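Take a look at the letters that make up each chain.
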Amino acid sequence: MPNTRLRRAVASSFVGSVIEYYDFLLYATASAVVFNKVFFSSLDPLVGTIASFGAFATGYLARPLGGVLFGHFGDLLGRKRVLVVTMVLMGVSSTLIGLLPTYAQVGWAAPAGLVLLRVLQGIAVGGEWGGAVLMSAEHATSRRGLWASFTNAGAPCGMVLSTAALTLTGLVVGERALLDWGWRVPFLLSVALLGVGLFIRHRVEETPAFRALRTSAPDAAARRRVPLLEVLRDQPRVLLLAVGVGLAAFVVQSTLTTFVLAHGVQVGHARQTVLNALTASSACAVVGILFWAAVSDRFGRRPVVLAGAVALGVYGFALFPMVDARDTTLLVVALVLGQGVLHPMVHGPLAALYSELFSTGNRYTGASLGYQLAGLGAGFAPLLFAEVQRATGGRGLVVVSTVIAAFCALTAVCVLALQETSGRRLDPTTAAA
């Protein structure tokens, strides 16, 4: 059984991740079904959807900045301190989105404010992930893949909560009221979630690996360090491979949670039907991530991620025919298979894998930067795929599937180029070969 410190660390990482991704992915769901009508109402519907996805993408553009900024201070000052700041930044940004005026009220100042707050969301979640993962990974003495994966499991759990919040609000107030004011309610709930998260995070201790690093290094020398420069100077190859390993997971994730949501409605599925299918698949993803991460503890990170990349590359060509069949059962099967079974094969082991690639002194920065640069794939995939659909008159789905397969192939190549990491210790001297 895990000890008390580990249990608190894992609970803090999971709950913090749920809250961060509730806020971050609530925006993703709203961008597909609400924001194109509320903030881009002056545009043609398809162009408005593209503009909405473009605003959505800015959050992913900001995530590497958050990873570098908070990773720097997390490597110098500690994981715990930084995680409190990232949670507050996310909670405040999301609450302010719920208070924004619409395009009809203030014109283009509304979407401009939306983009600014989305950037702050991206900075917050970019800094949150690395610290949350390290809180679990650096406390764990065994089964590191499983314990670290609770942070990644928080993302689909946050998706379940955000989708459920938007869905329930729509059911209670109705479609018209949802577009008028109801969409604000899930964003304003961020205030309550922020209070819960800060209470839990306050009880967590700093990680053993970071405490050992601070004991072994003089404070003056520690303050002069620049972790980003150390990563770029000492491990550029590892960083690039880390980015490549994560790209397929992010491209598929945003395809399933954002692009398919909008596409499913366009081809005739009821919006609520697609949201329900997405909620079910997200719930399955929580279990899938934990399961495949535990499998990677036994068989290694590389075999699990490689098998997942191959499976996702094939799955990409079956996804859209199943959605376009306009059959609710096929829609549910497509999303559950993709998000609940195959995607977690790649995504589940990534938390431990990224932690194991870098030394303690620059682990927050290196893991965050690699993961968040890969996350750019999630930000741009819906925008790219929506543009492909616009340019081809809705007949570009084979191109979309081919792009997904190409990213999966890149992930497979990169994971084969890395050494197996599951046996490494996370002490102050550990670094990838």
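Preceding block: the structure.
Anyway, here's the lowdown on the structure attached to this text. Please read these numbers as outputs of a predicted model, since none were measured by experiment. (Residues numbered from 1 in each chain as written. Predicted model: local features only at pLDDT ≥ 70, side-chain atom pairs only at ≥ 80, totals over all residues. Heavy atoms only, no water.)

1. Thoughts on the pattern of salt bridges
Argument step 1. Enumeration over the complete set of coordinates arrives at ten salt bridges.
Argument step 2. The closest approach of N and O atoms between Asp-75 and Arg-79, which form a salt bridge, is 3.0 Å.
Argument step 3. Given a relative accessible area of 2%, Asp-75 falls into the buried group.
Argument step 4. You can call Arg-79 buried: its relative accessible area is 0%.
Argument step 5. Between Glu-138 and Arg-363 there is a salt bridge whose closest N-O contact spans 2.8 Å. (Salt bridge = Lys/Arg side-chain N within 4 Å of Asp/Glu carboxyl O. Buried < 20%, exposed > 50% of the residue type's maximum accessible area, 1.4 Å probe, protein only.)

2. Focus: the nonpolar core
Argument step 1. Judged by nonpolar contacts, the single largest core of 93 residues is most densely connected at Phe-35 and Trp-183.
Argument step 2. Here this core takes 15 residues from helix H14 (residues 236-266), the largest share from any one element.
Argument step 3. Discounting residues that sit within four places of it in the chain, Trp-183 has contacts with Val-34, Phe-35, Val-38, Phe-39, Ile-97, Gly-98, Leu-100, Leu-166 and Leu-178. (Core = buried A, V, L, I, M, F, W, Y, C linked by side-chain atoms within 4.5 Å. Helix = DSSP H or I, 4+ residues; strand = E, 2+ residues; numbered from the N terminus. Contact = heavy atoms within 4.5 Å.)

3. Here we look at the packing of helix H4 (residues 79-97) against helix H10 (residues 190-202)
Argument step 1. At their nearest, the axes of H4 and H10 sit 9 Å apart, and the two run at 175° to each other. Overall, the two elements H4 and H10 adopt an arrangement that is roughly antiparallel. Taken together, the residues of H10 that come into contact with H4 (itself represented by Lys-80, Leu-83, Val-84, Thr-86, Met-87, Val-88, Gly-91, Ser-94 and Thr-95) are Ser-190, Val-191, Leu-194, Gly-197, Leu-198, Arg-201 and His-202.
Argument step 2. Residue composition of the contact of H4 with H10, by class: seven nonpolar, seven polar and two charged. (Axes fitted to C-alpha atoms, helices over the stretch in contact; angles between N-to-C directions. Parallel < 35°, antiparallel > 145°, perpendicular 65-115°, else oblique. Nonpolar A, V, L, I, M, F, W, Y, C, P; charged D, E, K, R; others polar.)

4. Remarks on helix H16 (residues 301-324)
Residues lying three or four places apart along an α-helix face the same way, a consequence of the helix completing one turn every 3.6 residues.
Argument step 1. In a regular helix each residue adds 1.5 Å, so 24 residues correspond to 34 Å; H16 covers 34 Å between its end C-alpha atoms and thus fits that length.
Argument step 2. Most pronounced at Gly-316, the bend in H16 amounts to some 35°.
Argument step 3. Phi for Arg-326, located one or two positions after H16, is positive at around 60°. (Expected span 1.5 Å × (residues − 1). Bend = angle between axes of the 7 residues up to and from the residue.)

5. Some thoughts on H4
Argument step 1. Across its 19 residues, H4 extends 28 Å between first and last C-alpha, which sits within 8% of the 27 Å expected from 1.5 Å per residue.
Argument step 2. Where H4 is concerned, the buried positions are Arg-79, Val-82, Leu-83, Thr-86, Met-87, Met-90, Gly-91, Ser-93, Ser-94, Thr-95 and Ile-97.

6. Let's talk about the packing of aromatic side chains
Argument step 1. Using the criterion set out here, one finds eleven aromatic pairs in the structure.
Argument step 2. Geometrically, the ring pair formed by Trp-147 and Phe-150 is stacked, given 6.1 Å between the ring centres and 20° between the ring planes. One end of the pair is Trp-147 and the other is Phe-150, both in helix H7 (residues 144-173) and three residues apart, which spans about a single turn.
Argument step 3. A ring pair is formed by Phe-259 and Phe-385, whose centres lie 5.7 Å apart and whose planes are at 70°; its orientation type is edge-to-face. Placement of the pair is Phe-259 in helix H14 and Phe-385 in helix H20 (residues 376-391), with a sequence separation of 126 residues. (Phe/Tyr/Trp six-rings, centres within 6.5 Å; stacked < 30°, edge-to-face > 60°.)

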